[in-house]
There are 2 protein chains.
Amino acid sequence: MSAASQARKRLDRDRLEIVAFERGHFTSYSACGIPYWIGGAVKERDKLVARSPDQHRDAGIDVRMRHEVVGIDLDKREVVAHDLIGGGEVREGFDHLVYATGAVPVTPEWASIPAAGIFGVQTLDDGAAIHDWLDREPTPQRAVVIGGGYIGVEMAEAMVLRGLDVTLLEKSPEPMAKTVDPEVGALVRKAIGEMGIEVVTGAHVEGIGTKDGRVREVLTPGGAVPADIVVLGLGVRPNSALAADAGLPIGVTGGVRTDRRMRVVGVDGVWAAGDCVETRHLLTGDPVHVPLGTHANKQGRVAGINIGGGYATFPGVIGTAVTKVCNLEVARTGLTEKEARRAGYAFVTASVESTSRAGYYPGAAFMTIKLIAERRTGTLLGAQIVGRTEAAKRIDALAVAVWNRMTVEEMTGLDLSYAPPFAPVWDPVLIAARKATDAVHSAM
Amino acid sequence: MSAASQARKRLDRDRLEIVAFERGHFTSYSACGIPYWIGGAVKERDKLVARSPDQHRDAGIDVRMRHEVVGIDLDKREVVAHDLIGGGEVREGFDHLVYATGAVPVTPEWASIPAAGIFGVQTLDDGAAIHDWLDREPTPQRAVVIGGGYIGVEMAEAMVLRGLDVTLLEKSPEPMAKTVDPEVGALVRKAIGEMGIEVVTGAHVEGIGTKDGRVREVLTPGGAVPADIVVLGLGVRPNSALAADAGLPIGVTGGVRTDRRMRVVGVDGVWAAGDCVETRHLLTGDPVHVPLGTHANKQGRVAGINIGGGYATFPGVIGTAVTKVCNLEVARTGLTEKEARRAGYAFVTASVESTSRAGYYPGAAFMTIKLIAERRTGTLLGAQIVGRTEAAKRIDALAVAVWNRMTVEEMTGLDLSYAPPFAPVWDPVLIAARKATDAVHSAM
């Protein structure tokens, strides 16, 4: 819908007719907000909806809800959709096509069973299904969240807030293993544990046990974990099957390949944006799939501007992410150690502990910042932050530094803001840059 | 003391003897913390002291307290100091001299009168004098703060917190006129006013009326403002008189001139750091005097590393600053409109209002971000932020962008962190970059 809105802004109805097909019940909603709605911090579902179908229609976008597109015919330049309510097939021609199908949850075979109480968390329809289930079922219930990535962790917290007994199963040694390095993951594990969530790591789920068509337990080599509800947080993959069927190019990550204007590579008049596309990591140059609302919105906007006759580009990503886990703020940008190693970098690391405000100022809270810098050049490759308050958003300054390929030594001179209510006289970011500079020198 | 500590780290006592002269009673304290101690947020004076003279002595630095250096003899390579307690004169030779005398408050002739109740706010000794006065005198008292820069505003707030009736006199049309553009200053004025501080702008102070050797009123063309205590917040200038007397080079700003290693220009073995030096604005290339603890600490560290045989540089500043005014956070980086105009830039501006968190997430607070971008190139020249909470530290991402001469258009693609507890899906910084990009395009 970002693409549609941007195109509409630039070209009026006489010049561009816009039709949007949506399989589900909602448009323009914040999928990232689902855990907070389920947990109760956000009171109403509709708060998550930035723009309803009717609002889009008022803006001149012909939204066809509950229509599932099942085919794209590039030769005839038309799409084929099923009307999920009225039934029947709809064909719609196009000059420009925007492929924005998002992602689908990774669902192992053992999770694809016809039993009540198994949920993914991808669409607002998914979220609504969980919300309904929690409202309907008697408490306390036992919830098992499978997957300790940020969606899994956020959902585990939401379930605890709703009064459930929660077990989080993660196959890696620490939660958030794809997001942060293990020692940072250990801090996350501790914070989750303190909230009363049972965290089981190294847990390889083998199946889900059911009874009378309902979930009963999750089976692991360590034993069965009782479960009234199972939430799958095993990550997502690009929803690119339809694109592949139509012959659109699919990259190594499974996402649709586009250029920086979000044009599908080699196919005139076809665009793609959001969690269904593959993008580029600006440090490594590698193709990556990073399903995040902020990228999706930027990409959609870029596609829409270009369709509307403007010029805009989406250059790629550097892996910035942030989340709130219980009372912990966790953020990252650039590469983790594992990612840097995989990309072939030799690097040094430095971790510092400092405070969010001047030590003497009320409310100063501890935080840890870890930097990863290339050996020899000292180029900042990545950063991770863990803290209690006012910590995580500091990742943005580090993200801009990564974006600009700064060295940690140059960063020691950065003119960052200082006043006692906001930082120690050496901001934690600067202290980290100093220590990383020392590490670079020591490794010369 | 930063320089001393860094040099000590690198060279032991056998290789480097370090003597430090201090006129006052304190070492290594946070001058920026004084308003918070006076206002009561910081309970004890000694919380502001990072390292006492004895701690420095334990670290191998021979600190001579209450010694005022009155002369530097570059030919003999010695300094002359007055022992303010024991009396008499001390001469001390040097191989390296670090000139770190800080700044002195701007004190017009009308304020240089022998009357009780007039205070500057530069040293911890100054702060202690105000604190003592407030403890001693009966309340309520009427305080007049002269000067609406950030020190003046912070002191006005501190006085209100101590139960005084406070009037803030500022000669410009809005407070913080040197820090932010007038429309941002107007928001500051509003916040101060809501706290019960009377703000009089366009107020040209003509004198201070006294009675029985005590302050009685502040005289302005608009009438006399009753005052039991007067706090001067008229800014500071480099304390470079001693340097000038010794023949050290003084720049156009009145600060000692150094190179990027903090060596005094043209004088071997003499270094300078802190509020007494002139530095360089990295955008305009102009010499500037920016007295801030964060610069002073960086410069001292750089001098100390170089004296210790290492290599470090202080490249200059870009004008980043932040302050908390009552319940308002105010931050800036780069150039204001006035500064940009003076430097000869043609520019466009863009202001946006957005929220600190996703609009639906509890605690989302409004903030305004203003960007200034060069016409044609779109290079980010400056940014200002005003908000309630979680707003001001966003200036750091913008500071790193200014530092790296990013264009606002490139900034629209920046991979900043997003999650509902920390930002809307478009961070306010990105929204501002988008609007500034539109402004640049419109002005082409």
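Everything numeric in this text was worked out from a predicted model, so none of it was measured.

Thresholds applied
Residues numbered from 1 in each chain as written. Chains lettered and ligands numbered in written order. Predicted model: local features only at pLDDT ≥ 70, side-chain atom pairs only at ≥ 80, totals over all residues. Heavy atoms only, no water. Helix = DSSP H or I, 4+ residues; strand = E, 2+ residues; numbered from the N terminus. Rg over C-alpha atoms; globule rule 2.2 N^0.38 Å. Buried < 20%, exposed > 50% of the residue type's maximum accessible area, 1.4 Å probe, protein only. Pairing = 2+ DSSP bridges. Least-squares fit on C-alpha atoms with pLDDT ≥ 70 in both. Contact = heavy atoms within 4.5 Å. Phe/Tyr/Trp six-rings, centres within 6.5 Å; stacked < 30°, edge-to-face > 60°. Domains from an automatic or database assignment. Buried area = accessible area lost by both parts, 1.4 Å probe. Salt bridge = Lys/Arg side-chain N within 4 Å of Asp/Glu carboxyl O. Core = buried A, V, L, I, M, F, W, Y, C linked by side-chain atoms within 4.5 Å. UniProt positions renumbered as here; feature names shortened; annotations may be inferred. Axes fitted to C-alpha atoms, helices over the stretch in contact; angles between N-to-C directions. Expected span 1.5 Å × (residues − 1). Right-handed = clockwise from strand over helix to strand, strands pointing away. Patch = residues over 30% accessible without salt bridge, like charges linked within 9 Å, V, L, I, M, F, W, Y side chains within 5 Å. Areas by Shrake-Rupley, 256 points an atom, 1.4 Å probe, with all protein chains shown as cover. Lys, Arg positive; Asp, Glu negative; His and termini not counted. Charge placed at Lys NZ, Arg CZ, Asp CG, Glu CD.

A. Seen up close, the overall build of chain A. In terms of regular secondary structure, chain A is built from 12 helices and 24 strands. Since a compact globule built from 444 residues should have a radius of gyration of about 22 Å, the 23 Å found for chain A is in line with a globular shape. Taken along its principal axes, the extent of the C-alpha atoms in chain A is 65 × 55 × 40 Å. Taking all 444 residues of chain A together, the buried fraction comes to 57%.

B. Inspection of the pairing of strand β11 (residues 198–201) of chain B at higher detail. Across 4 bridges, the pairing between strand β10 (residues 165–170) of chain B and β11(B) is parallel. When the sheet's bridge partners are listed, T167(B) is paired in β11(B) with E198(B).

C. Expanded view of the relation of the copies chain A and chain B. In screw terms, the move from chain A to chain B is a rotation of 180° and a rise of 0.0 Å along the axis, fitting with an RMSD of 0.0 Å. The superposition operator between the copies reduces to a two-fold rotation axis. For chain A, the smallest separation between a C-alpha atom and the rotation axis is recorded for A397(A), amounting to 2.0 Å. A shared binding surface is used by both copies, with 100% of the interface residues of chain A retained as interface residues in chain B.

D. Spotlight on the packing of aromatic side chains. All names here are of chain A. All told, the structure shown has 6 aromatic pairs over all chains when counted by the stated rule. Arranged with centres 6.3 Å apart and planes meeting at 80°, the rings of F26 and Y29 form a pair that is edge-to-face. Taking relative accessible area as the criterion, Y29 reaches 26% and is therefore assigned partly exposed. For the ring pair F119 and W133, a centre distance of 6.4 Å and an interplane angle of 70° mean the geometry is edge-to-face. Taken together, the residues span a long stretch of sequence, with F119 in strand β8 (residues 118–119) and W133 in helix α4 (residues 124–136) at a distance of 14 residues.

E. Quick peek at the domain arrangement of chain A. Residue and element names in this part refer to chain A. Assigned domains within chain A: domain 1 (2–24 + 66–102 + 237–307), domain 2 (107–234) and domain 3 (328–442). Between the C-alpha centres of domain 1 and domain 3 there is a distance of 37 Å. Taken residue by residue, the interface counts 4 residues in domain 1 and 8 residues in domain 3. Note on domain 1 versus domain 3: buried area summed over both sides is about 530 Å², and carbon and sulfur give 70% of it. Per-residue buried area on domain 1 facing domain 3 is highest for L282, L283 and T284; these three make up 86% of the total on that side. Counting across the domain 1 and domain 3 interface gives 0 salt bridges.

F. How the structure looks around the nonpolar core. Grouped together as the largest cluster of nonpolar side chains are 90 residues, with contacts concentrated most on L398(A), M411(A), L398(B) and M411(B). L398(A) has contacts with T333(A), I369(A), L371(A), L380(A), A383(A), I385(A), M411(A) and V429(A), leaving out every residue within four places of it along the chain.

G. Seen up close, the UniProt feature "domain: FAD/NAD(P)-binding" (unreviewed entry) in chain A. Sites flagged by UniProt as "domain: FAD/NAD(P)-binding" (unreviewed entry) map to residues 3–284 of chain A. Note that residues 3–284 of chain A is 22% helix and 27% strand, and that its end C-alpha atoms are spaced 28 Å apart.

H. Region of the structure containing the sheet that holds strand β5 (residues 89–93) of chain A. All names here are of chain A. Reading across from one edge, β3-β4-β5 is the order of the 3 strands in this open sheet, with antiparallel pairing throughout. Of all strands in the sheet, those bounded by a partner on one side alone are β3 (67–73) and β5. Put simply, the sheet's adjacent strands are angled 25° from each other on average, direction ignored.

I. Quick peek at helix α4 (residues 124–136) of chain B. Residues and elements named next belong to chain B. Its 13 residues place the ends of α4 18 Å apart at the C-alpha level, agreeing with the 18 Å of an ideal helix rising 1.5 Å per residue. Among the residues of α4, L124, G127, A128, I130, H131, W133 and L134 are the ones counted as buried. Where the residues of α4 are buried, they touch α2 (34–39), β8 (118–119), α5 (150–161), β13 (214–220) and β15 (229–232).

J. Spatial organisation of the interface of chain A and chain B. Taken together, the contact pairs 60 residues of chain A with 60 residues of chain B. Contact between chain A and chain B buries roughly 5,300 Å² in total, counting both sides, with carbon and sulfur atoms accounting for 64%. It is Y360(A), D415(A) and F422(A) that lose the most area in chain A upon contact with chain B, and together they represent 15% of the buried surface on that side. The tally of links between chain A and chain B comes to 2 salt bridges.

K. Region of the structure containing the pairing of strand β9 (residues 142–146) of chain B. All names here are of chain B. Counting buried residues in β9 gives 4 out of 5 residues, a clear majority hidden from the surface. As paired elements, β9 and β10 share 5 bridges and run parallel to each other. Of the residues in β10, the one forming a bridge with R142 is D165. In this fold, β9 hands off to α5, which returns the chain to β10; that crossover is right-handed. Judged from the 4 bridges that link them, β9 and β15 form a sheet pairing that is parallel. Bridge pairing links V145 to V231 in β15.

L. Main features of a positive patch on the surface. Together, K171(A), K178(A), K338(A) and R342(A) make up a positively charged patch on the protein surface. Along the polypeptide, K171(A) turns up in the loop between β10 (165–170) and α6 (182–194).

M. Inspection of the UniProt feature "domain: Pyridine nucleotide-disulphide oxidoreductase dimerisation" (unreviewed entry) in chain A at higher detail. Here the UniProt feature "domain: Pyridine nucleotide-disulphide oxidoreductase dimerisation" (unreviewed entry) sits at residues 322–424 of chain A. Overall, residues 322–424 of chain A shows 18% helix and 36% strand. The separation of its end C-alpha atoms is 22 Å.

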